[in-house]
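# A closer look at the structure
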Amino acid sequence: MRRRDFLRNAGLTACASGLPGWAEPGKRIEIRIDSERRLGAIPVDFMGLGYEISSVATHGLLSASDGNYVALVRRLGARGVIRIGGNTSDYSAYSAKAKAAAAPKATVVNANALQDLGGFLDATGWSLIWGLNLGNGSVEDAVTEARAVARAVGERLLAFEIGNEPDLYVHEGHRRNYSYDTYLREYRRYKIAVRDALPHPAFAGPDAAVQTDWVERFAEDEGRDLRLLTHHYYREGQNPRSTAEKLLNPDRKLSAMLERMQTASRKTGIPYRICETNSFSGGGRPGVSNTFVAALWVLDYLCVLAWHDAGGVNVETGVNQLDFVSSYSPIADDQHGHYTAAPEYYGMLAFAEGCRGDRVAVHYDAEELNLTAYASSAADGMCSIVIINKDTVDAEAQITLNLGLHDPRVLWLTAPSLASRSNVTLGETAVGPDGSWHGRYQPLHTAGGACVLQIPSASAAIVRMKR
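The present account deals with the structure reproduced in this document. (Residues numbered from 1 in each chain as written. Predicted model: local features only at pLDDT ≥ 70, side-chain atom pairs only at ≥ 80, totals over all residues. Heavy atoms only, no water.)

Here we come to the overall build of the protein. Counting its secondary structure elements, the protein contains 11 helices and 22 strands. Taking 467 residues into account, the globule formula puts the C-alpha radius of gyration at 23 Å, and the protein, at 22 Å, falls close to it. Principal-axis analysis of the C-alpha atoms gives the protein an extent of 70 × 50 × 40 Å. Expressed as a percentage of its 467 residues, the buried residues of the protein come to 60%. Considering only contacts in the protein between residues 6 or more positions apart, those separated by 24 or more positions represent 75%. Accessible area of the protein: about 18,400 Å², with a carbon and sulfur share of 49%. Here the protein holds 48 positive side-chain charges and 53 negative ones, and the gap between their average locations is 1 Å. (Helix = DSSP H or I, 4+ residues; strand = E, 2+ residues; numbered from the N terminus. Rg over C-alpha atoms; globule rule 2.2 N^0.38 Å. Buried < 20%, exposed > 50% of the residue type's maximum accessible area, 1.4 Å probe, protein only. Contact = heavy atoms within 4.5 Å. Areas by Shrake-Rupley, 256 points an atom, 1.4 Å probe, with all protein chains shown as cover. Lys, Arg positive; Asp, Glu negative; His and termini not counted. Charge placed at Lys NZ, Arg CZ, Asp CG, Glu CD.)

Written out as structure tokens, the structure reads:
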């Protein structure tokens with residue numbers, strides 16, 4: 001699946017400069033933006049990262065003291081949401097003066113760790129969803145922890161979740177018999193206790209892993225008293241059949257789930273968030289989740305969520321519940337204090353760069369090609385099209401410049417091959433360990449009110465135009 005490097009490089013150069021010389025023209029696809037047809041805004045805090053609660057107990061990780069890590073997060077957006085939860089949250093405990101401990105089933109978070117988290121949120125400008133222990137905790141412990149979190153992070157607290165993936169509690173061994181009705185009773189008991197202890201706390205839920213009907217029922221039962229509806233998503237569990245091909249092709253169950261989430265959200269007026277997600281659960285598939293495949297997958301996936309009216313997403317990173325750094329982590333961690341942008345990070349950065357403001361209608365017919373396109377219009381007068389070619393065949397996109405659109409420029413998301421674990425670039429530029437990035441948009445030639453762009457297989461382009 002390696003791209004033909006010489007032809008690709010020649011094609012990219014010729015396309016970006018508007019000069020002839022593309023050696024192998026691809027299938028022609030006409031793309032037209034209907035910038036007057038607005039489909040809704042992309043929330044300014046759409047972008048998010050997710051962490052196991054054990055990450056909070058890891059000294060120096062989620063802390064303002066590590067300027068490079070803060071910068072890597074901020075590079076993804078001036079505003080965003082950190083979600084603390086995961087499987088470890090249902091085995092965790094808070095003790096103000098105890099020694100912090102990060103362990104899959106014995107995490108201890110203390111007051112200093114929460115103070116560091118508060119500083120990290122202030123430094124990034126991001127807000128917080130915090131998961132309380134329902135699986136193996138008590139109401140009294142949850143109240144103590146909620147007070148401590150609220151005191152440490154202040155206005156950065158977006159919402160509490162109660163329990164992690166309660167629809168899997170029987171499978172995880174937290175309960176012998178469990179149903180949605182049982183969960184709702186427990187949730188309400190915890191919620192009332194926390195609300196009695198804190199002024200105006202907000203809640204999100206039900207944090208379902210797979211049972212979308214739990215979210216639908218929860219929306220009906222709790223919708224008037226919720227900040228967010230929350231659901232998780234992974235393509236599948238990590239196994240030998242977790243292939244690149246699966247990531248590069250649409251997942252029918254995702255579309256069905258998102259349509260149901262849209263409906264539940266619209267009925268209640270409560271936004272929904274995919275608050276824990278990545279490629280394959282269990283840490284991802286090595287050789288797939290940590291390659292350029294994941295960059296293309298996550299870029300398209302984030303667009304799919306936004307264009308299904310999702311209120312946001314939290315992409316999992318860091319050490320997982322199995323106590324190792326996940327292959328799918330967008331921020332790579334050598335566990336010696338060094339953090340770098342992994343391939344998936346570049347797909348997230350491409351979304352942050354190319355999808356801003358209002359979603360607008362875009363018309364195209366890719367036919368049999370595995371190619372998608374999304375358009376948005378930002379308040380600064382820029383209109384962008386994100387074009388993702390996940391096929392093994394090159395494409396030629398003819399973009400019609402209508403309604404005053406002019407001065408098109410392109411930013412490329414590329415790598416030497418789909419299997420690349422390094423040398424991924426956005427705008428011919430890598431992201432530095434300090435979060436620095438200076439991607440270059442290259443001018444496109446226009447003629448007859450259109451520009452023609454060659455989209456090599458296994459690549460993505462952001463075309464930005466002025467209005």
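Picking up after the structure, the text goes on.
Now for helix H4 (residues 139–153). In this model, H4 (15 residues) spans 21 Å end to end at C-alpha, consistent with the 21 Å of a helix rising 1.5 Å per residue. Restricting attention to buried positions, one finds in H4 the residues Val139, Ala142, Val143, Glu145, Ala146, Ala148, Val149 and Val153. Remark: Gly154 follows H4 within two positions and exhibits a positive phi of approximately 60 degrees. (Expected span 1.5 Å × (residues − 1).)

To continue, consider helix H11 (residues 343–354). It helps to recall that an α-helix has 3.6 residues per turn; residues three or four apart then point in one direction. For H11, which comprises 12 residues, the first-to-last C-alpha distance of 17 Å matches the rise-based estimate of 16 Å (1.5 Å per residue) to within 8%. Burial within H11 is extensive, with 11 of its 12 residues counted as buried. Every buried residue of H11 is accounted for by Pro343, Glu344, Tyr345, Tyr346, Gly347, Met348, Leu349, Ala350, Phe351, Glu353 and Gly354.

A cis amide bond, omega 5 degrees, links Gly205 with the succeeding residue Pro206. Although it is not a glycine, Asp309 adopts a positive phi angle of roughly 65 degrees. On the secondary structure map, Asp309 appears in the loop between helix H10 (292–306) and strand S11 (312–316). Taking relative accessible area as the criterion, Asp309 reaches 28% and is therefore assigned partly exposed.

For the structure shown, the criterion picks out 17 aromatic pairs. Both rings, one in Tyr69 and one in Tyr339, keep their centres 4.7 Å apart while their planes meet at 80 degrees; by these two values the pair is edge-to-face. Residue Tyr69 is found in helix H2 (residues 67–75), and its partner Tyr339 is found in strand S13 (residues 339–341); the two are separated by 270 residues along the sequence. Relative accessible area serves as the criterion here: at 3%, Tyr69 is assigned to the buried category. Ring plane angle 80 degrees and centroid distance 4.9 Å describe the contact between Tyr187 and Phe218, whose orientation is recorded as edge-to-face. Highlighted residues: Tyr187 in helix H6 (residues 180–197) and Phe218 in helix H7 (residues 212–222), separated in sequence by 31 residues. By the burial criterion, Tyr187 is buried, and Phe218 matches it. Grouping aromatic residues by their ring pairs yields a cluster made of Phe160, Tyr169, Tyr178, Tyr180, Tyr183, Tyr187, Phe203, Trp214 and Phe218. (Phe/Tyr/Trp six-rings, centres within 6.5 Å; stacked < 30°, edge-to-face > 60°.)

The parallel closed barrel is built from eight strands, whose spatial order is S2-S3-S6-S7-S8-S9-S10-S11. Each strand axis lies, on average, 25 degrees off the axis of its neighbour in the sheet, ignoring direction. Where strand S3 (residues 81–85) meets strand S6 (residues 127–132), four bridges bridge the pair, whose relative direction is parallel. Looking at the pairing, Ile84 lines up with Trp130 of S6. Along the sheet, H10 makes contact with strand S9 (228–237), strand S10 (272–281) and S11, crossing S10 at roughly 155 degrees. (Pairing = 2+ DSSP bridges. Axes fitted to C-alpha atoms, helices over the stretch in contact; angles between N-to-C directions.)

When two helices pack together, their arrangement is given by the angle between their axes and by how far apart the axes lie. Where H4 contacts H6, the axes come no closer than 9 Å and their chain directions differ by 45 degrees. Judged by the inter-axis angle, H4 sits oblique to H6. When the axes of H4 and H6 are compared, the crossing they make is right-handed. Seen from H4, the contacting residues are Val139, Ala142, Val143, Ala146 and Arg147; seen from H6, they are Arg189, Tyr190, Ala193, Val194 and Ala197. Here the residues of the contact of H4 with H6 are counted per class, giving eight nonpolar, no polar and two charged. (Parallel < 35°, antiparallel > 145°, perpendicular 65-115°, else oblique. Left-handed = near helix turned anticlockwise from the far one by under 90°. Nonpolar A, V, L, I, M, F, W, Y, C, P; charged D, E, K, R; others polar.)

To continue, consider the environment of Val44. If you trace the backbone, Val44 turns up in the loop between strand S1 (27–41) and strand S2 (48–52). Residues Val44 and Gly77 lie 33 residues apart in sequence; the distance between their C-alpha atoms is 8.3 Å.

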